[in-house]
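# Structural description and commentary
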Amino acid sequence: MLVPDPKAVRKLLTRYAVLRISQSERHRPQAATELNDVVYTLCVMMGTTGIREAIVKADALLAAARSTPGGVVEDGRAVA
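Attention here is on the structure that accompanies the text.

The rules behind the values
- Residues numbered from 1 in each chain as written.
- Predicted model: local features only at pLDDT ≥ 70, side-chain atom pairs only at ≥ 80, totals over all residues.
- Heavy atoms only, no water.
- Axes fitted to C-alpha atoms, helices over the stretch in contact; angles between N-to-C directions.
- Helix = DSSP H or I, 4+ residues; strand = E, 2+ residues; numbered from the N terminus.
- Left-handed = near helix turned anticlockwise from the far one by under 90°.
- Contact = heavy atoms within 4.5 Å.
- Nonpolar A, V, L, I, M, F, W, Y, C, P; charged D, E, K, R; others polar.
- Expected span 1.5 Å × (residues − 1).
- Buried < 20%, exposed > 50% of the residue type's maximum accessible area, 1.4 Å probe, protein only.
- Arc of directions from axis to C-beta.
- Core = buried A, V, L, I, M, F, W, Y, C linked by side-chain atoms within 4.5 Å.

## Observations regarding the packing of helix α1 (residues 6-25) against helix α2 (residues 29-46)
It is the contact of α1 with α2, at a shortest axis distance of 9 Å, that shows an interaxial angle of 150 degrees. The handedness of the crossing between α1 and α2 is left-handed. Of α2, the residues touching α1 (which contributes A8, V9, L12, L13, R15, Y16, L19, R20 and Q23) are A31, A32, E34, L35, V38, V39, T41, L42, M45 and M46. Residue composition of the contact of α1 with α2, by class: 14 nonpolar, 2 polar and 3 charged.

## Section: α1
Here α1 is 20 residues long and its end C-alpha atoms lie 29 Å apart, about the 28 Å a rise of 1.5 Å per residue gives. Burial in α1 covers these residues: P6, V9, L12, L13, Y16, L19 and Q23. When α1 is viewed along its axis, its buried side chains cluster within an angular range of 155 degrees and face the same direction. Opposite its buried face, α1 presents the exposed residues K7, K11 and E25, each directed more than 90 degrees away. In this structure, the buried residues of α1 make contact with α2 and α3 (51-66).

## Some words on the nonpolar core
V9, L13, L42, M46 and A54 are the most contacted members of the largest nonpolar core, which has 16 residues in total. Residue assignment for this core shows that the elements contributing at least two residues are α1, α2 and α3. When neighbours within four sequence positions are excluded, V9 is seen to be in contact with P4, M45, M46, A58, L61 and L62.

Structural measurements only, silent on function.
Written out as C-alpha cells, the structure is:
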C-alpha cells in the first residue's frame, strides 16, 4: 500500500483548516470549490470516503512520522 508523504498531508490539512475558517466567516463560491477539492484530495490520499475519517488517519500518519527519525512511515506506522 502506498503511504502519502507526511509533508503533503500536513499541507492539505492546513489548507483544509484555513478554508473551513474562511467559509465560516464569509461564504464565497470560489473558496467553497477549493474546499471541496481539498476534501476530495485528502480523502483519496488517506483512502477514505469521508473527511472525518481522513482527518483521523492523517493525524495518525503525522504522529507516526513525528515519532520516527527521518519521519519514515510505512502502512501508516512508523518504520525504524
